[in-house]
Amino acid sequence: MVMTDVDTRLLRCFVAVAEEGTLTRAAERLYVSQPALTKQVKQLEAQLGVVLFVRSRAGMALTDAGRALAGRAPGLLGEWDEVVRATRAAAGRSARVLRVGFVASAANEATEGIVAEFARLRPGWRVDLRQAGWSRPAAGLAEGEVDVALLRLPFPGQESLRVEELFSEDRWVVLAAGHPLAVRDEIAFRELWDEPFVAAPAETGAWRDHWLGADERDGRPVRIGAVTDQPDEWLSAIANGYGIALAPESAARYYARPGIVYRPVSGVGPTRVGVVWAPSDDDNPVVRDFVRCCLASRT
């Protein structure tokens, strides 16, 4: 089998199911729905002409054919990812463009200074800032779509990437201006446990859970009032009373709008921002310079 015979997307779906053991966990890891993932697995089985899994209530067990593929597929995908990343990086070096992914407000007010310092270190180079929606908390870094990223921590796949934390800030709550708690100067998180929340897509897993405060509710389940993927949708859902949300303190500066208010919250931990890059770029001098600029912003 060669990479052109089978869509790499199908192989990634197979590897996720094989490693996670269940469709539910694999779907969360890939940020896709379970029906879509099931369809991908069946498509791969049809292309190869073999059965890869035995499905049961306990999960997805590999067949002999499945185990044979599971032993080779991660290596094939790893090699292909490096080919793609190297090709895109070469194109960026040729054009003297550093692609920087980010979610929401990137590194807040420090972003402009980081970009300016990078321009000083690398005359003739340009930073191409690429914003991603809530459904892509890694901003395309794992797929090689960007060279480096400014991200909110934690995010799915973080353990396989290089991360340097830059700063942390409090999480606040965002409410409709007419919400009964909007008149308060500060709100205890426990008072929000029974409120409906505006959430990121379920496929973002731990990232979504962080912004729901899922681990800080003493086991109280989360109520979801709406699911959104972009800041404008998120703000509209809150203003229209579909739910409340946790957000960085800086969101009050970057995403102020009529109809919503931001309030400090006690009893919930902070959010962190880091600069993130792939291990394969440890020796990339351009990425190293950008990281150096980010780290200098901490002082």
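If you're wondering where the values come from, they're calculated on a predicted model, not measured in any experiment.

Examining helix H7 (residues 231–239)
Then step 1. Every buried residue belonging to H7 is among Pro231, Trp234, Leu235, Ala237 and Ile238, and all of these are buried. Buried residues in H7, looked at end-on, bunch into an arc of 160°, giving them a common side.
Then step 2. As for H7, its buried residues are in contact with strand E4 (126–132), strand E7 (171–176), strand E9 (196–199), strand E10 (223–227), strand E11 (245–248) and strand E12 (260–266).
Then step 3. Following H7 by one or two positions, glycine 241 has its phi on the positive side, about 85°.

Here's the deal with empty space enclosed by the protein
Then step 1. A complete count under the given rule lists 2 cavities of 30 Å³ or more for this structure.
Then step 2. Around the largest cavity sit 20 residues that line it, and Trp134, Trp207, Trp211, Trp234 and Leu246 are the ones nearest its centre.
Then step 3. Among the elements of the structure, E9, helix H6 (206–212) and E11 are those that each provide at least two residues to the lining of the largest cavity.
Then step 4. In terms of residue class, the lining of the largest cavity is made up of 16 nonpolar, 2 polar and 2 charged.

Brief notes about the environment of aspartate 128
Then step 1. Within the secondary structure, aspartate 128 is located in strand E4.
Then step 2. When the C-alpha atoms of aspartate 128 and serine 280 are compared, they prove to be 20 Å apart, with 152 residues separating the residues in sequence.
Then step 3. If near-sequence neighbours (up to four positions away) are discounted, aspartate 128 is found in contact with Val97, Leu98, Arg99 and Val100.
Then step 4. Side chain to side chain, aspartate 128 and arginine 130 meet in a polar contact 2.9 Å long.

Parameters at a glance
- Residues numbered from 1 in each chain as written.
- Predicted model: local features only at pLDDT ≥ 70, side-chain atom pairs only at ≥ 80, totals over all residues.
- Heavy atoms only, no water.
- Buried < 20%, exposed > 50% of the residue type's maximum accessible area, 1.4 Å probe, protein only.
- Helix = DSSP H or I, 4+ residues; strand = E, 2+ residues; numbered from the N terminus.
- Arc of directions from axis to C-beta.
- Contact = heavy atoms within 4.5 Å.
- 1 Å grid on protein atoms, 1.4 Å probe; cavity = no way out; pocket = protein on both sides within 12 Å on 5 of 7 lines; lining within 4 Å.
- Points joined across faces, edges and corners; volume = space filled by probe spheres on them.
- Nonpolar A, V, L, I, M, F, W, Y, C, P; charged D, E, K, R; others polar.
- Polar contact = N/O pair within 3.5 Å; in protein donor to acceptor, adjacent residues only side chain to side chain.

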